[in-house]
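# Results of the structural survey
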Amino acid sequence: MDVLINVFVALHIIGIASLLGGFLTQMKAMGAGTARFNPAMLHGALTMLITGVVLVGLNQADDQTVNNLKIGVKLAVLVVILGLVYVKRDEERVDKALFGAVGGLTVANVFIATLWTGARSRAPPGGSP
């Protein structure tokens, strides 16, 4: 099961790279007001959604603890990203603020994934309790 979970983690990271890479390649165009959502961004967001759902299922099937609040927040952010990219995918130009919001939300989702680790037990200063 660990190998399968790791394969889906890798695919999830590829989705993030596609979405964020699509954003970063358009940064100069965003400054000029000509940025648009490219297919890599849409496919990256869809890949993240599908692999994320599969990862939650695989982890629960493997009796691992899943932080449902964290997953819910990440899912909500991703649904907003996906909705914006999907609705505006055919437009020749996307507003700077909207395009920047997608990039900011993507980065926020990465930080939520990596920094939200939950409560940790820590020994008080000076040794064990």
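Up top is the structure these notes are about.
Below, the structure is looked at part by part. (Residues numbered from 1 in each chain as written. Predicted model: local features only at pLDDT ≥ 70, side-chain atom pairs only at ≥ 80, totals over all residues. Heavy atoms only, no water.)

### Considering the packing of helix H1 (residues 2–25) against helix H3 (residues 39–61)
Rules: Angles here are taken between N-to-C directions and fall from 0 to 180 degrees, while the axes themselves are lines fitted to C-alpha atoms, restricted in helices to the stretch in contact. Going along the chain from the N terminus, every DSSP run of H or I of four or more residues is numbered as a helix, and every run of E of two or more is numbered as a strand. The scheme is simple: roughly parallel for angles under 35 degrees, roughly antiparallel for over 145, roughly perpendicular for 65 to 115, oblique for anything else. By convention, the crossing between two helices is left-handed when the near helix turns anticlockwise from the far helix through less than a right angle, and right-handed when the turn is clockwise. Contact definition: two residues touch when any of their heavy atoms are within 4.5 Å.
Axis separation between H1 and H3 bottoms out at 8 Å; the angle between their running directions is 155 degrees. The pairing of H1 with H3 is recorded here as roughly antiparallel in orientation. Along this stretch, H1 crosses H3, giving a crossing that reads as left-handed. When H1 is examined against H3, the residues Leu4, Ile5, Phe8, Val9, Leu11, His12, Gly15, Ile16, Ser18, Leu19, Gly22 and Phe23 are found in contact with a partner set consisting of Ala40, Met41, Gly44, Ala45, Thr47, Met48, Thr51, Gly52, Val54, Leu55, Leu58 and Asn59.

### Some words on the pattern of salt bridges
Where charged atoms from two side chains of opposite charge approach closely, those side chains can pair. Where we set the bar: What makes a salt bridge here is a side-chain nitrogen of Lys or Arg within 4 Å of a carboxyl oxygen of Asp or Glu, nothing more. Only protein chains enter the area calculation, which uses a 1.4 Å probe; residues under 20% of their type maximum are buried, those over 50% are exposed, and those in between are partly exposed.
A complete count under the given rule lists one salt bridge for this structure. Close ionic contact of Lys88 with Glu91 constitutes a salt bridge, the shortest N to O distance being 3.4 Å. Looking at Lys88, the relative accessible area reads 26%, which means it is partly exposed.

### Brief notes about H1
Worth spelling out the cut-off: For a helix, the expected span equals 1.5 Å multiplied by the number of residues minus one.
Here H1 is 24 residues long and its end C-alpha atoms lie 34 Å apart, about the 34 Å a rise of 1.5 Å per residue gives. Along H1, the positions that sit buried rather than exposed are Ile5, His12, Gly15, Leu19, Gly22 and Phe23. Of the surrounding secondary structure, the elements contacted by the buried residues of H1 are helix H2 (27–32), H3, helix H4 (68–87) and helix H5 (96–115).

### Examining a nonpolar patch on the surface
Defined as follows: Nonpolar side chains (Val, Leu, Ile, Met, Phe, Trp, Tyr) within 5 Å and like charges within 9 Å form the patches, drawn only from residues with over 30% relative accessible area and no salt bridge. Reported accessibility uses the Shrake-Rupley method at a 1.4 Å probe radius. Residues are deemed covered only where the shown protein chains occlude them.
A surface patch of nonpolar side chains, about 360 Å² in accessible area, is lined by Val3, Val7, Leu11 and Ile14. Summarising the element assignment, Val7 is placed in helix H1. The partly exposed category is assigned to Val7, whose relative accessible area is 42%.

### What about H5?
The terminal C-alpha atoms of H5, which comprises 20 residues, lie 28 Å apart, in line with the 28 Å expected from a rise of 1.5 Å per residue. Buried within H5 are the following residues: Phe99, Val102, Gly103, Thr106, Asn109 and Ile112. Looking at the buried side of H5, the elements it contacts are H1, H2, H3 and H4.

### Here we look at the environment of Val77
As for its placement among the helices and strands, Val77 is situated in helix H4. C-alpha of Val77 to C-alpha of Lys88: the two residues are 11 residues apart in sequence and 17 Å apart in space. Among residues more than four places away in sequence, those in contact with Val77 are Leu105, Asn109 and Ile112.

### Digging into the nonpolar core
Here is the rule we go by: For this analysis, a nonpolar core means a set of buried residues of the types Ala, Val, Leu, Ile, Met, Phe, Trp, Tyr and Cys, connected via side-chain atoms within 4.5 Å.
Ranked by internal contacts, the top residues of the largest apolar core, which has 19 residues, are Leu19, Phe37, Met41, Ile81, Val85, Phe99 and Val102. Among the secondary structure elements, those contributing two or more residues to this core are H1, H2, H3, H4 and H5. Broken down by element, the residue count for this core peaks at five residues, all from H4. Setting aside its immediate chain neighbours within four residues, Met41 contacts Ser18, Leu19, Gly22, Phe23, Arg36, Val85, Phe99 and Val102.

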